[in-house]
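Here is what each chain is made of, one letter per residue.
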Amino acid sequence: MKTFGTLKIIKGNRNNELIYIQGFEPTLYIGRLISNHYSPVKGEIRVDANIHNAKLIDMVMSKFPLEIMDKDKWKSLLTNIERSEEITRRLEKLEFAEPDESYFLGKLKPFQKIGLDFLNKTDGNSLLADEMGLGKTIQTLAFISTKQDAFPIVVVSPLVTLRNWENEIKKFLQVKAKQGLFTGIATEPSVSVIRSGKPRPLIYSDFYIINYELLDKRVDDLIKVKPRTIVMDEIQNLRNIQTIKFNAVSELSVTPNMTYRIGLSGTPIYNRGSEVWGIVDILRKGLLGSYKDFLSTYCHGYGTNYTVTEDGQRTLAKILRDTIMLRRLKKDVLDDLPDKIRYQQVIQIDQAFYEEELRKIFSKIQVAKDELNDIHDDKIRKTKIMELNAESRKSLQQERQIAGISKAPYIVEYIKEMLEQTEDEKFVIFVHHHKVHEIIMEGLQQFNPLQIIGSQNDIQRQDAIDRFQNRKFQRVIVCGIRAGNVGVNLTAGTYVIFGELDWSPPVHKQAEDRLHRIGQKNTVIAHYLIGENTMDERIKNILTDKALEIDSVMGDQVEEIDNTKAIDILETLYKKFGSKSKLSQMLSDEY
C-alpha cells in the first residue's frame, strides 16, 4: 500500500507526547483541521497526542495512509478512541444498577440507580451533574461500594462540606480491607480529614478529605499514598485553569495509580464559556483536544475573554452527554421524588469564639453548683436549687445564640455555594437570633436579600413576601424562624435553609410549610445546618429519624429537657473543650 509519509510519537518540551507527521499532503490537511499545531517546515507537523487529535489524524489517514513508526503508542491512542466510542454506545441505554449491599448501607431511588449505571458505564471517569438536591454524593458512594479496588480515595471539596463528606462516608459505606490489606470482613472505612497545610507523611486511610485551597500544599503527600480514585465535589471550582488549585488537582489526577476520576457539580458547566475545557480535561484527558483547539472550535473572543458560541454549547452538551456527563433536573425525576427532601449538613463554627463563650456560660452554672454544695439549710437550699434551674435553662438559650453566631459566617458561605449552583431557584433562610440574622443579611448583600422579622409592620412584611413571590431576581429571603413561619406564603422558593435549629420539630415543619403548600410546583428541599460540636448535634437527633431515602426524614419525637438534663448537656459540651478533651484529641489527629 502506498504511503504518503510517516507518523511518530515523540516527547515535547513539556515532557508531553506529540504526534509528529512528515508528508506534504497529510500535513496540509491536518494543519487545516487542528489549529493548535507546530509546523517548523513545509511537510512537517507536530500536534498534542490526545484522543481528539488522533481521531482527526486517523480520518486523514483513510485518504493519505502513513507509515506508523511507533505502532504500540499509536495503537494505544486508537484504543482510547475505541473506548470512547464504546462508552458512547453503552450510554445509549442506561438501566437500573444496584450497589453492593454488602458494603453500601443506603437505599437508592430509581433515578439514582440509573446514575450508578452511568458511573459504571463511563468507567468512573465521569461528570455527575445532577441538579442540586438529587443525591450526587450517595450515587458516588454507591459506585465506590462496587469497586473495592478504588482505595485509597481522595475527596476534594469546598471547606464547608468537609465534615459532611466524612459523615456520609461513614453512614453509607463499609469496606472489606483494613489499612489497605484485604480481610474479607466488612468494616467502617477509615477517614482522614486534612486540615493542615504543613507537609508531613500521611498514615494509610481509605479516604483522604481535603479542601481545594489546601490541596496544593499537600499534593506531594497525597501522591505518595498512591490514590486510585479522586472525587472532586463542586468541580466548578476548577473552572479557571490558571489557578493553583487547578494545577494541584490536575497533577494528582494523572498519577500512575489513578483509575477513577469523578466530578460532581450541580452547575450546567457547558454554559460557562471556555471554563469547561479544564474540567473535562481532568476527567477525560484529551477529550476536547488542546485548549487552543477547544477555543478555536467552540468559542469566540480574544485574549482571555472567550465565550462558547450557541452552536458550541449545543455541540459540547452532546459530546459531554455522549461520553462523560449525566445531568438530570428535579423536574425530570419528579415521579421518584417525595414532596419534601431533607438534608443534614454539618458545617464548621468559629471554635475559638464558641469555646470562650461556652466557658463563660458554664462558669456561672459551676459557681451556682459550688454554692449549693456548701448550703445545708433546707429553705435556702431550695431557693438556690430554683436559681440553678433557672440559670441552667437560661444557659441552654445562651448556647443556642453563641452556636448561631459562631456558625453564621459558614452559613453565608454555604448559601453562596448553593446560589452559584442554581440559576433561577429561590431560597428561604430561617434563623432565630437577631445577631445571626444581621450577619447573614450582611454576608448576602450581593444577592439583595429580603427579610421577614418580628419588628416589621403588616405592610412591610407583605411587601417583602410579594417581591419574593413575583420578582425573578429576588432569590433570597431571610426569616425569623418564629416570625416567618406562620401566615406567610413563600411558594416561589424551592430551598429552605435552617441556619439555626429549634428544639421543637413542629416549628421546623411549620417553617417548611411556608413553601410546601398549595401553589408549590416543585419538590421542597430543606437543608438543616448542624454546627460542628455544638448542641445542634443533640437537637438533630430529636429532629430526624434514621430511616434514609435520599437523606434524613424528619420524625415527630420531642425531647423534654428537665433541669438536670440541661446541666448534663452543658457539662458534656464544656468537657469537649478541655485541654485533654475528646475534641482536642480529635483535631490533633486530623492531618
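Note that this is a predicted model, so its numbers are computed, not measured.

> What is the right way to read the sheet that holds strand S6 (residues 153–157) from this model?
Strand pairing in a sheet is mediated by backbone hydrogen bonds. Such pairs are either parallel or antiparallel. If you walk across this open sheet you meet the seven strands as S9-S10-S6-S11-S12-S5-S15, and the pairing is parallel. With one partner strand each, in any of the chains shown, strand S9 (191–193) and strand S15 (325–326) form the two edges of the open sheet. Across four bridges, S6 lies against strand S11 (residues 229–233) in parallel orientation. Across the sheet, the residue bridging to valine 155 is valine 231, located in S11. Packing of helix H4 (residues 110–121) onto the sheet brings it into contact with strand S5 (125–128), strand S12 (260–264) and S15, and relative to S5 it is tilted by some 150°.

> Can you walk me through the packing of helix H5 (residues 136–145) against helix H6 (residues 162–172) in this structure?
Helix packing geometry: the angle between the two helix axes and the distance between the axes. Running from N to C, H5 and H6 point in directions that differ by 50°, and their axes come no closer than 11 Å. In terms of their interaxial angle, H5 and H6 are classed as oblique. Crossing of H5 against H6: the hand is right-handed. Residues Thr137, Ile138 and Leu141 of H5 lie in contact with H6, whose contacting residues are Trp165, Glu168, Ile169 and Phe172. For the contact of H5 with H6, a count of residues per class yields five nonpolar, one polar and one charged.

> Whenever I open this one, the sheet that holds strand S1 (residues 6–11) confuses me. Can you help?
Taken together, four strands build an open sheet; the order of strands is S3-S2-S1-S4 and the sheet is mixed. Looking at the sheet topology across the chains shown, the edges are occupied by strand S3 (44–48) and strand S4 (67–68). Pairing between S1 and strand S2 (residues 17–22): six bridges, direction antiparallel. Residue pairing for S2: lysine 11 is matched across the bridge by glutamate 17. Each of S2 and S3 is contacted by helix H1 (residues 24–33), which is oriented at about 40° to S3, the strand it contacts most.

Scoring rules and cut-offs
Residues numbered from 1 in each chain as written. Predicted model: local features only at pLDDT ≥ 70, side-chain atom pairs only at ≥ 80, totals over all residues. Heavy atoms only, no water. Pairing = 2+ DSSP bridges. Helix = DSSP H or I, 4+ residues; strand = E, 2+ residues; numbered from the N terminus. Contact = heavy atoms within 4.5 Å. Axes fitted to C-alpha atoms, helices over the stretch in contact; angles between N-to-C directions. Parallel < 35°, antiparallel > 145°, perpendicular 65-115°, else oblique. Left-handed = near helix turned anticlockwise from the far one by under 90°. Nonpolar A, V, L, I, M, F, W, Y, C, P; charged D, E, K, R; others polar.

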